[in-house]
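Given next are the chains, with one letter for each unit.
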Amino acid sequence: MTLKLFRDFMRDHFAFTLVYFISHILVSIYCNYYISSNIQLMYLLSIYFYVFIIFLCFRFIKYVSANREIQRLSENIEIEEKGFSCEQQAAITLIHRIHQTYQDQIYEVKAQADNTHKFISQWIHNLKTPLSVIDLILQNYNMNSTGHAVALQHIGEEKDKILSMLNQMLKFFRLEHFTRDYTPEPVNLLESLRSLINSKRNQYIYNNVYPLIECEEESIMVMTDSKWNMAMLEQIVSNAIKYSDAGEETKSIHFHIERRGDQVVLSIRDEGIGIEKVDLQRVFQPFFTGKNGRTHHQATGIGLYVCSEIARKLGHRLSISSEVNQGTEVQISYLSKLKDSIM
């Protein structure tokens, strides 16, 4: 390694060495007309040579030191402040920044790959449940073909679960290219909410849960992306229906919209099983299902994470509060008009 460094060093300093010796040879030729003794001329040249060798030794030491610092960067060791030249220090600093940026990108890609792998594994595992239920329904129907209407109803319900999981997966992957599919515009929040409620009419009836909308205005506009906002609301409403656990008792999901300064706040509150206090701070983490995930096996732990990411990218503030056996409330704060800059 040292021999290679020495060769690289001499190659980098070849032009400098050539200019140095040519200049002194020319000076020596000039001095030859005024210096009669060859011994004096040789003495002068030897001084030039020794000084140059000492100078090259110092340059070589710094060259080796700079090369070692560059090698240390590949081993993730912090560089040390030494007496490098400005050129060497600039090169080492630039290499360190490029190396750090490269490492950060690798860690980010690795984290995304890990999350994607976990999500796909969890999604495949959860997808088995409705397929197994459909298989049992078909087996029961083959043994007793009189209950075909009930069988078709149950198959339809499991189909909706599969479709919901497929939509979750698509939203998860589309988040990586959010900026390509994002158009901020004024959206009638009340109209969007009514459209979403109507699309889930069958789910409300089947789960014995009914929506109640409270809004003082007939048209209330917010700045958002209509498609992404609908995807976020659909997931929150689906959770509210799923975890209402109404049974024989009729329960409601309350939608409340009000203005607060330059913001519009939408509150979605259910009367369901609620969330444990210890789990409440982690519900927006990916793949976290908590205690409710043990009783509701179709929980993927990805829905609220996707909602939080959509809200963050849209510039909305998403918060959640809950009490066990009392219900859960999700609040979304929208801008009522477009500001100069949106994150």
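Above this text sits the structure in question.
Note that the structure is predicted; figures quoted are calculated from it, not measured. (Residues numbered from 1 in each chain as written. Predicted model: local features only at pLDDT ≥ 70, side-chain atom pairs only at ≥ 80, totals over all residues. Heavy atoms only, no water.)

Draft legend 1. Geometry of helix H8 (residues 226-242). The end-to-end C-alpha distance of H8 is 24 Å, a good match for the 24 Å that 17 residues give at a rise of 1.5 Å each. In terms of residue burial, H8 counts as a mostly covered element, since 12 of its 17 residues are buried. All of the buried residues along H8 are Trp228, Asn229, Ala231, Met232, Leu233, Gln235, Ile236, Val237, Ser238, Asn239, Ala240 and Ile241. Its side-chain oxygen at 3.2 Å from the backbone nitrogen of Lys227, Asp225 defines the N-terminal cap of H8. (Helix = DSSP H or I, 4+ residues; strand = E, 2+ residues; numbered from the N terminus. Expected span 1.5 Å × (residues − 1). Buried < 20%, exposed > 50% of the residue type's maximum accessible area, 1.4 Å probe, protein only. Polar contact = N/O pair within 3.5 Å; in protein donor to acceptor, adjacent residues only side chain to side chain.)

Draft legend 2. Quick peek at the packing of helix H6 (residues 189-199) against H8. Running from amino to carboxyl end, H6 crosses H8 at an angle of 50 degrees, the nearest separation of the two axes being 11 Å. Accordingly, the angle class assigned to the pair H6 and H8 is oblique. When the axes of H6 and H8 are compared, the crossing they make is right-handed. Of the residues in H8, those in contact with Leu189, Ser192, Leu193 and Leu196 of H6 are Asn229, Met230, Leu233, Glu234 and Val237. (Axes fitted to C-alpha atoms, helices over the stretch in contact; angles between N-to-C directions. Parallel < 35°, antiparallel > 145°, perpendicular 65-115°, else oblique. Left-handed = near helix turned anticlockwise from the far one by under 90°. Contact = heavy atoms within 4.5 Å.)

Draft legend 3. Here's a closer look at the packing of H8 against helix H11 (residues 303-314). Taken N-terminus to C-terminus, the directions of H8 and H11 make an angle of 150 degrees; their axes are 9 Å apart at the nearest point. In this view, H8 runs roughly antiparallel relative to H11, as classed from their interaxial angle. In this structure, H8 meets H11 at a crossing whose hand is left-handed. Along the contact surface, H8 presents Trp228, Asn229, Ala231, Met232, Gln235, Ile236 and Asn239, while H11 presents Gly303, Leu304, Cys307, Ile310, Ala311 and Leu314.

Draft legend 4. The arrangement of the nonpolar core in detail. Leu189, Leu233 and Leu266 are the most contacted members of the largest nonpolar core, which has 42 residues in total. Listed by contribution, the elements that provide at least two residues to this core are H6, H8, strand S4 (251-260), strand S5 (263-269), H11, strand S6 (317-323) and strand S7 (327-335). Among the elements that make up this core, the one with the highest residue count is H8 (8 residues). Every residue in contact with Leu266, bar those within four places of it in the chain, is listed here: Leu189, Leu193, Leu233, His256, Ile257, Val330, Gln331, Ile332 and Tyr334. (Core = buried A, V, L, I, M, F, W, Y, C linked by side-chain atoms within 4.5 Å.)

Draft legend 5. Geometry of the environment of Glu216. One can find Glu216 in the loop between strand S2 (209-215) and strand S3 (221-224). You can call Glu216 exposed: its relative accessible area is 84%.

Draft legend 6. Quick peek at the environment of Arg201. Within the secondary structure layout, Arg201 lies in helix H7 (residues 201-206). Residues Arg201 and Pro211 lie 10 residues apart in sequence; the distance between their C-alpha atoms is 9.5 Å.

Draft legend 7. Highlighting a nonpolar patch on the surface. A grouping of Phe21, Ile25, Phe49, Tyr50 and Ile53 is seen on the molecular surface, where their side chains present a nonpolar patch of about 470 Å² in accessible area. Elements supplying a minimum of two residues to the nonpolar patch: helix H2 (14-32) and helix H3 (38-73). The element that contributes the greatest number of residues to the nonpolar patch is H3, accounting for 3 residues. As for its position among the elements, Ile25 is in helix H2. (Patch = residues over 30% accessible without salt bridge, like charges linked within 9 Å, V, L, I, M, F, W, Y side chains within 5 Å. Areas by Shrake-Rupley, 256 points an atom, 1.4 Å probe, with all protein chains shown as cover. Salt bridge = Lys/Arg side-chain N within 4 Å of Asp/Glu carboxyl O.)

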